[in-house]
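Listed below, chain by chain, are the residues.
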6 protein chains.
Amino acid sequence: MKIKVSRKAHFNAAHRLYRQDWSDSKNNAVFGKCNNPNFHGHNYELVVSVTGKIDSETGFVIDMKVLKDLIKKEIENSFDHKNLNLEVAEFKNLNPTAENIAVVIFNKLRPLIDAKNELEIVLYETPRNFVTYSG
Amino acid sequence: MKIKVSRKAHFNAAHRLYRQDWSDSKNNAVFGKCNNPNFHGHNYELVVSVTGKIDSETGFVIDMKVLKDLIKKEIENSFDHKNLNLEVAEFKNLNPTAENIAVVIFNKLRPLIDAKNELEIVLYETPRNFVTYSG
Amino acid sequence: MKIKVSRKAHFNAAHRLYRQDWSDSKNNAVFGKCNNPNFHGHNYELVVSVTGKIDSETGFVIDMKVLKDLIKKEIENSFDHKNLNLEVAEFKNLNPTAENIAVVIFNKLRPLIDAKNELEIVLYETPRNFVTYSG
Amino acid sequence: MKIKVSRKAHFNAAHRLYRQDWSDSKNNAVFGKCNNPNFHGHNYELVVSVTGKIDSETGFVIDMKVLKDLIKKEIENSFDHKNLNLEVAEFKNLNPTAENIAVVIFNKLRPLIDAKNELEIVLYETPRNFVTYSG
Amino acid sequence: MKIKVSRKAHFNAAHRLYRQDWSDSKNNAVFGKCNNPNFHGHNYELVVSVTGKIDSETGFVIDMKVLKDLIKKEIENSFDHKNLNLEVAEFKNLNPTAENIAVVIFNKLRPLIDAKNELEIVLYETPRNFVTYSG
Amino acid sequence: MKIKVSRKAHFNAAHRLYRQDWSDSKNNAVFGKCNNPNFHGHNYELVVSVTGKIDSETGFVIDMKVLKDLIKKEIENSFDHKNLNLEVAEFKNLNPTAENIAVVIFNKLRPLIDAKNELEIVLYETPRNFVTYSG
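Residues numbered from 1 in each chain as written. Chains lettered and ligands numbered in written order. Predicted model: local features only at pLDDT ≥ 70, side-chain atom pairs only at ≥ 80, totals over all residues. Heavy atoms only, no water.

A.B. asks: Explain the overall build of chain A here, please?
C.D. replies: Each helix and strand in chain A was counted, giving four helices and five strands. Starting at the N terminus and ending at the C terminus, chain A contains elements arranged as β-α-β-α-β-α-α-β-β. For the C-alpha atoms alone, the extent of chain A along its principal axes is close to 60 × 25 × 25 Å. Total accessible area on chain A stands at roughly 5,600 Å², and carbon and sulfur atoms take up 51% of it. Between the averaged position of the 19 positive side-chain charges in chain A and that of its 17 negative side-chain charges there is a distance of 2 Å. (Helix = DSSP H or I, 4+ residues; strand = E, 2+ residues; numbered from the N terminus. Areas by Shrake-Rupley, 256 points an atom, 1.4 Å probe, with all protein chains shown as cover. Lys, Arg positive; Asp, Glu negative; His and termini not counted. Charge placed at Lys NZ, Arg CZ, Asp CG, Glu CD.)

A.B. asks: Can you help me understand helix α4 (residues 98-109) of chain C in this one?
C.D. replies: Since there are 3.6 residues in each turn of an α-helix, residues three or four apart along the chain are aligned in direction. Residue and element names in this part refer to chain C. With 12 residues, α4 extends 17 Å between its outermost C-alpha atoms, agreeing within 8% with the 16 Å of an ideal straight helix rising 1.5 Å per residue. Summarising burial for α4: 10 of the 12 residues are buried, a large majority. For α4, every residue scored as buried is listed here: Ala 98, Glu 99, Asn 100, Ile 101, Ala 102, Val 103, Val 104, Ile 105, Phe 106 and Leu 109. (Expected span 1.5 Å × (residues − 1). Buried < 20%, exposed > 50% of the residue type's maximum accessible area, 1.4 Å probe, protein only.)

A.B. asks: Help me understand unusual backbone geometry in this model?
C.D. replies: Trans is the prevailing form of peptide bonds, just as negative phi is the prevailing case for residues other than glycine. For Phe 39 of chain D, which is not glycine, the phi dihedral falls at a positive 75°. Within the fold, Phe 39 of chain D resides in the loop between α1 (24-31) and β2 (40-53). Even without glycine at this site, His 81 of chain F takes up a positive phi of about 60°. Assessed through its relative accessible area of 8%, His 81 of chain F is described here as buried.

A.B. asks: Please clarify how the relation of the copies chain A and chain F should be interpreted in this entry.
C.D. replies: Relating one copy of the chain to the other takes a rotation about an axis and a shift parallel to that axis. Overlay of chain A on chain F (RMSD 0.0 Å): rotation 180°, translation along the axis 0.0 Å. The two molecules are tied by a two-fold rotation axis, judged by turn and shift. Mapped onto chain F, 100% of the interface residues of chain A are again interface residues, and the two copies thus contact each other with one and the same surface. (Least-squares fit on C-alpha atoms with pLDDT ≥ 70 in both. Contact = heavy atoms within 4.5 Å.)

A.B. asks: Explain the pattern of salt bridges to me, please; I cannot follow it from the model alone.
C.D. replies: If charged atoms from side chains of opposite charge come close, those side chains can pair. Under the criterion given, the structure shown has 48 salt bridges over all chains. Linking Lys 116 of chain A and Asp 114 of chain A is a salt bridge whose minimum nitrogen-to-oxygen distance equals 2.7 Å. For Asp 114 of chain A, a relative accessible area of 39% corresponds to the partly exposed category. The closest approach of N and O atoms between Lys 4 of chain D and Glu 120 of chain D, which form a salt bridge, is 3.3 Å. (Salt bridge = Lys/Arg side-chain N within 4 Å of Asp/Glu carboxyl O.)

A.B. asks: How should I be thinking about the side chain of Glu 120 of chain A in this particular structure?
C.D. replies: All names here are of chain A. Here Glu 120 shows up in strand β4 (residues 118-126). According to the relative accessible area criterion, Glu 120 is buried, its value standing at 19%. At 3.2 Å, the side chain of Glu 120 and the side chain of Lys 4 are in polar contact. Apart from residues lying up to four places away in sequence, Glu 120 is in contact with Lys 4, Val 47, Val 48, Ser 49, Thr 132, Tyr 133 and Ser 134. (Polar contact = N/O pair within 3.5 Å; in protein donor to acceptor, adjacent residues only side chain to side chain.)

A.B. asks: Is there a simple way to think about the interface of chain A and chain F in this case?
C.D. replies: A common way to report how large an interface is uses the accessible area buried once the components associate. In this complex, chain A contributes 22 residues to the contact, which on the side of chain F involves 22 residues. The contact between chain A and chain F buries some 1,800 Å² in all, and 49% of this surface belongs to carbon and sulfur atoms. Three residues stand out in chain A for area buried against chain F, namely Asn 38, Asn 43 and His 81 of chain A, and they jointly supply 33% of the buried area on that side. In this assembly, chain A and chain F are joined by two salt bridges. (Buried area = accessible area lost by both parts, 1.4 Å probe.)

A.B. asks: In this structure, what is going on with the packing of aromatic side chains? I would like to understand it.
C.D. replies: Two aromatic rings are characterised by how far apart their centres lie and by the angle between their planes. In total, this model carries 42 aromatic pairs over all chains according to the counting rule given. Measuring from centroid to centroid gives 5.3 Å for Phe 11 of chain B and Phe 79 of chain B, while their planes differ by 80°, and the two rings are edge-to-face. Linking Phe 11 of chain B in strand β1 (residues 3-15) with Phe 79 of chain B in helix α2 (residues 64-79), this pair joins segments that are 68 residues apart in sequence. Aromatic pair Phe 60 of chain C and Phe 31 of chain E: ring centres 5.7 Å apart, planes at 80°, arrangement edge-to-face. Note that Phe 60 of chain C is positioned in the loop between β2 (40-53) and α2 (64-79) and Phe 31 of chain E in helix α1 (residues 24-31), a pairing that runs across two chains. Classification of Phe 60 of chain C as buried rests on a relative accessible area of 12%. (Phe/Tyr/Trp six-rings, centres within 6.5 Å; stacked < 30°, edge-to-face > 60°.)

A.B. asks: Looking at this structure, I do not really get the pairing of strand β5 (residues 129-133) of chain C. What am I missing?
C.D. replies: On a regular strand, each side chain points to the face opposite its neighbour's, so the side chains alternate between the two faces of the sheet. Burial of β5 of chain C is extensive: five of the five residues sit out of reach of the surface. Of the two faces of β5 of chain C, the one carrying Asn 129, Val 131 and Tyr 133 of chain C and the one carrying Phe 130 and Thr 132 of chain C are both buried. Bridge count for strand β4 (residues 118-126) of chain C against β5 of chain C is five bridges, and the pairing is antiparallel. Considered in β5 of chain C, the bridge of Leu 123 of chain C is made with Val 131 of chain C. In this antiparallel pair of consecutive strands, β4 of chain C and β5 of chain C, the connection spans two residues. Two strands pair when backbone bridges link them, and β5 of chain C and strand β1 (residues 2-15) of chain F are joined in this way by five bridges, in the antiparallel orientation. (Pairing = 2+ DSSP bridges.)

A.B. asks: Please clarify how the side chain of Asn 95 of chain C should be interpreted in this entry.
C.D. replies: Within the secondary structure, Asn 95 of chain C is located in the loop between α3 (84-87) and α4. Among the polar contacts made by the side chain of Asn 95 of chain C, one reaches the main-chain carbonyl oxygen of Thr 58 of chain F at a distance of 3.1 Å. Once residues lying within four places of it in the same chain are set aside, the contact partners of Asn 95 of chain C are Arg 16, Leu 17, Tyr 18, Phe 31 and Asn 100 of chain C together with Thr 58 of chain F.

A.B. asks: Is there a simple way to think about the pairing of strand β1 (residues 3-15) of chain A in this case?
C.D. replies: Most of β1 of chain A sits inside the fold, with 10 of its 13 residues counted as buried. Across five bridges, the pairing between β1 of chain A and strand β5 (residues 129-133) of chain D is antiparallel. Counterpart to Arg 7 of chain A in the pairing with β5 of chain D is Asn 129 of chain D. In this structure, β1 of chain A lies alongside strand β2 (residues 40-52) of chain A, joined through 13 bridges in antiparallel fashion.

A.B. asks: Is there a simple way to think about the packing of α2 of chain C against α4 of chain C in this case?
C.D. replies: The description of two helices packed together rests on the angle between their axes and the distance between the axes. Residues and elements named next belong to chain C. Packing of α2 against α4 leaves a shortest axis separation of 11 Å and a crossing angle of 140°. As far as their axial angle goes, α4 and α2 are oblique. The crossing of α2 and α4 is right-handed. On the side of α2, the interface is formed by Leu 70, Glu 74, Ile 75, Ser 78 and Phe 79, while α4 contributes Ile 101, Val 104, Ile 105, Lys 108 and Leu 109. Its residues assigned to classes, the contact of α2 with α4 comprises seven nonpolar, one polar and two charged. (Axes fitted to C-alpha atoms, helices over the stretch in contact; angles between N-to-C directions. Parallel < 35°, antiparallel > 145°, perpendicular 65-115°, else oblique. Left-handed = near helix turned anticlockwise from the far one by under 90°. Nonpolar A, V, L, I, M, F, W, Y, C, P; charged D, E, K, R; others polar.)

A.B. asks: Which parts of the structure should I look at to understand the environment of Tyr 44 of chain C?
C.D. replies: Residue and element names in this part refer to chain C. Inspection of the secondary structure assignment puts Tyr 44 in strand β2. For Tyr 44, a relative accessible area of 0% gives the class buried. Tyr 44 sits 54 residues away from Ala 98 along the chain, and the two C-alpha atoms are 9.4 Å apart. Apart from residues lying up to four places away in sequence, Tyr 44 is in contact with Ala 9, His 10, Phe 11, Ala 13, His 15, Leu 84, Ile 101, Leu 123, Tyr 124 and Glu 125. At a separation of 3.5 Å, a polar atom in the side chain of Tyr 44 contacts the side chain of His 15.

A.B. asks: For this particular structure, what's the right way to read the environment of Val 61 of chain D?
C.D. replies: When you line up the elements, Val 61 of chain D lands in the loop between β2 and α2 (64-79). Remark: the alpha-carbon pair of Val 61 of chain D and Asn 28 of chain D, spanning 33 residues in sequence, is separated by 45 Å. Discounting residues that sit within four places of it in the chain, Val 61 of chain D has contacts with Glu 99 of chain B together with Ile 3, Val 5, Val 50, Thr 51, Gly 52, Lys 53, Ile 54 and Asn 117 of chain D.

A.B. asks: Explain the environment of Ile 75 of chain C to me, please; I cannot follow it from the model alone.
C.D. replies: Residues and elements named next belong to chain C. Following the sequence through the fold, Ile 75 ends up in helix α2. Through-space distance from the C-alpha of Ile 75 to that of Val 122 is 13 Å; in sequence the pair is 47 residues apart. Filtering out sequence-adjacent residues up to four positions away, Ile 75 remains in contact with Phe 11, Leu 46, Leu 70, Asp 80, Ile 105, Lys 108 and Leu 109.

Structure (structure tokens):
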């Protein structure tokens, strides 16, 4: 009997969609206005979910405060008010699409979550665009 | 490693819950005020999700703009500001419950989404009533 | 020292924008797809606010439950799951734009709210379109 | 071909996180400010989802009104404006974490939902903390 | 030329509507289930707005971070995870209705906001019930 | 008898808070992480409201579609997916705080709205930070 525990967080960041190994015209053709070389940005909303058994002692799968602090330390502190392309190491050679950002967040958090629990990342780039990843 | 990409859209439409082959009293007994012969309506909120592998070239499962335009062309243009019972061919003989509308939307979009990707439809009839369908 | 007390309610209704005394082509030119003769519809969200002094006995301007029940009796029961053009007397000869619906709601509630208090109506036709009226 | 039908409800309640068999200092160490002996409270938002086949007669998996009334009778009437620790029998000896509340709601509703349909409970303790349980 | 700057915050608290100087039956008659002696609770959402001239140096009316920290120090730290009736001095002899809580918050913040600026408090007791106070 | 008509729109943009005539250390001291020289960004939500008399012919204060198109042409096309500091002329020498962006939007739209109607701008920088300006 597993239950999923979810915590919502957010960060504001600048990015552009862009590949260094493509010509400007190809970047424009594929990424359109998201390729603006001066960047644009988003209020990213992030939902991190951990699925596991309820600890019969505490009634928790994972303490929400622990999960909140983990997201703050590992994700918000690295991504909030940053330029993802220029300042976040993982996107040095990786295009910061919503898909890729979600995978990076998953990979950063996965080793820090008890291996017997499942992890899911939902990332809203805008209220109308979002992605869901669970490894 | 699959990831789900979601795009939210909306349309406003009139409908009534009703079966032509039932008596008025049976329609009333089963569908209540939703059977009003003069129709009522909703702001439908629609979330279309496509699940597949991230293209390593673009970082996309599917370009959100392509998905947005597809929803606009196939669903919003046919459903928005329409009377579902009278003006949308699929509901000529099909009761436009939230369940049936979601299935119709799925069936319209499924052939247009790459067959190796999964498709999911979430349809909010109101902020408190919604359905989820993935074939 | 006045304070404003607000209660949110909702109703689902069909309508069309239309004037009987105009030609079809003029109705179409002015109201576009909102003039669909088969109607379309909305989940209307309604916020009714009453501004007055706090009663020192109860700590209320107006009991929220009283306000909730008043909205239900006077507005929801008349408008919910109805066709505004065909079934609501006030719109027999009045175009049911968001503006006019808000005025009608105000006029229905004003006599029922203590005359020394102010009344304000906010009506959301969609999450992106809304109007505010206070007489 | 199954489809999931969801209905959103809510209730306001007081609670504290606490185990009678633990010392005060252990309760404080584990549950922090959530262990306030004078209680705190939440506006719980509840989404109950039933997954099954669409009935070809009605176009429903389950009539939303039936589901709404069931939630009101079984959950809202027992939990709304209550102190979960003191007034809800299920939490006499069970810590009312979001996880445990969701399991209790599931167990109360499961016998009342057609056995061939699946049941899922999503419970928001705050807009940022929520849990999902499906047995 | 004045502009209003708003910051949203929140706190979770328990309360009951109740007057010590009334009989139980009068408290029940007036406050209904909100008078539950075991308390119930809410996720209060709070919007604090400061209206004034834009400082031509900074482009701020008030630094949002300063306003955020002020709300945290003065309101969240005193109210969050508390029982308003038992643990917040201002409600020792004041019924903690939404109206009275908003006035208390206003009175706590007013001396701390530059006297030439206006202050407004919006307090959501639930997503459907809220009050607005500006002195 | 005036009524306020509101239309919600949005745009995604990058910005930094920064004055060219200040030293880096002063910019940092005043604007903190909002001064990141590599920029950060937001999903700005914009509510434009026009207050005036209801036209007795149409039932409109202003046609919502006209207002929507005006916002798109004048604001979204200039601001969406842009770097406000580098690409929007009005911010060449003006710090793009939420306050200043709202004033710029007001000043761009004011000449295009009938002079007998009032104009109000609400700009959400994040769901928790927003400003309101009406000239």
